[in-house]
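Chain and residue survey
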Amino acid sequence: MTSIEAYSQFFKALSEPMRLRILYLLLNREDLCVCDFVTVMQAGQSLISRHLAYLKNAGWVKSHRQGTWMHYQIETTNLPMTYLETLKEQLSQIETCQQDLTSLETYETQERQCNI
């Protein structure tokens, strides 16, 4: 990031509750598929994909394709670990984020859509 506009977009990505929830799940897992977010967050695929694209464009996440599914990870090369640790710590105190993580843990005990 070399401009004030880039910093603005980077931090603006945190201004949406759905994006914070997505980031919290990714901070607790190495890799998640769009289908994981759809199931855990009980939101439409297009809404989840739109928020993931925003996070990707802002430099918070990176993606890779596995078959027909897109998988996402935290983009650690652009982010100081202190940012990630602080964000994870703060979000872990929010009930909605705790519920999402519990839902993800339950979901992971079942066959995932992207593995079918």
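Residues numbered from 1 in each chain as written. Predicted model: local features only at pLDDT ≥ 70, side-chain atom pairs only at ≥ 80, totals over all residues. Heavy atoms only, no water.

1. Structural notes on the pattern of salt bridges
- Summed over the entire model, instances satisfying the criterion amount to 2 salt bridges.
- For R21, the salt bridge identified is with D100, shortest N-O distance 2.6 Å. With R21 in helix α2 (residues 17–27) and D100 in helix α6 (residues 95–107), this pair connects stretches of sequence that are 79 residues apart. Of the two residues examined, R21 and D100, each falls in the buried class. (Salt bridge = Lys/Arg side-chain N within 4 Å of Asp/Glu carboxyl O. Helix = DSSP H or I, 4+ residues; strand = E, 2+ residues; numbered from the N terminus. Buried < 20%, exposed > 50% of the residue type's maximum accessible area, 1.4 Å probe, protein only.)

2. Some remarks on the sheet that holds strand β1 (residues 32–33)
- Reading across from one edge, β1-β3-β2 is the order of the 3 strands in this open sheet, with antiparallel pairing throughout. Both edges of this open sheet fall to β1 and β2 (61–66), since each of them pairs with a single strand only.
- Two strands pair when backbone bridges link them, and β2 and strand β3 (residues 69–74) are joined in this way by 6 bridges, in the antiparallel orientation. Its bridge partner being in β3, H64 is matched across the sheet by H71. (Pairing = 2+ DSSP bridges.)

3. Topic: the packing of aromatic side chains
- Applying the stated rule across the entire model yields 4 aromatic pairs.
- Ring geometry for F10 and F11: centres 4.9 Å apart, planes at 85°, overall edge-to-face.
- A relative accessible area of 2% means that F10 is categorised as buried.
- Judged by centre distance (5.9 Å) and plane angle (55°), the ring pair of F11 and Y83 falls under tilted. In this pair, F11 sits in helix α1 (residues 4–12) while Y83 sits in helix α5 (residues 81–91), placing the two residues 72 residues apart along the sequence.
- Residue Y83 is classed as partly exposed on the basis of its relative accessible area of 33%.
- One aromatic cluster in this structure is built from F10, F11, W60 and Y83.
- One cation-aromatic arrangement involves R19 over Y54; the distance from NZ or CZ to the ring centre is 3.9 Å. (Phe/Tyr/Trp six-rings, centres within 6.5 Å; stacked < 30°, edge-to-face > 60°. Lys NZ or Arg CZ within 6 Å of the ring centre and 35° of its normal.)

4. A closer look at the nonpolar core
- Counting 34 residues, the largest nonpolar core has I22, L25, L26, F37, M41, I48 and W60 as the members making the most contacts within it.
- The set of elements that each furnish at least two residues to this core consists of α2, β1, α3 (34–41), α4 (45–58), β3, α5 and α6.
- For this core, the element with the most residues is α2, which contributes 7 residues.
- When sequence neighbours within four positions are dropped, the list of residues in contact with M41 reads M18, R21, I22, L25, I48 and D100. (Core = buried A, V, L, I, M, F, W, Y, C linked by side-chain atoms within 4.5 Å. Contact = heavy atoms within 4.5 Å.)

5. Brief notes about the packing of α2 against α6
- Contact geometry of α2 with α6 gives a least axis separation of 10 Å together with a crossing angle of 50°. In terms of orientation, α2 lies oblique with respect to α6. Remark: the crossing between α2 and α6 carries right-handed chirality. Where α2 approaches α6, its residues R21, Y24 and L25 are matched on the opposing element by T96, C97, Q98, D100, L101 and L104.
- Grouping the amino acids of the contact of α2 with α6 by side-chain chemistry returns 5 nonpolar, 2 polar and 2 charged. (Axes fitted to C-alpha atoms, helices over the stretch in contact; angles between N-to-C directions. Parallel < 35°, antiparallel > 145°, perpendicular 65-115°, else oblique. Left-handed = near helix turned anticlockwise from the far one by under 90°. Nonpolar A, V, L, I, M, F, W, Y, C, P; charged D, E, K, R; others polar.)

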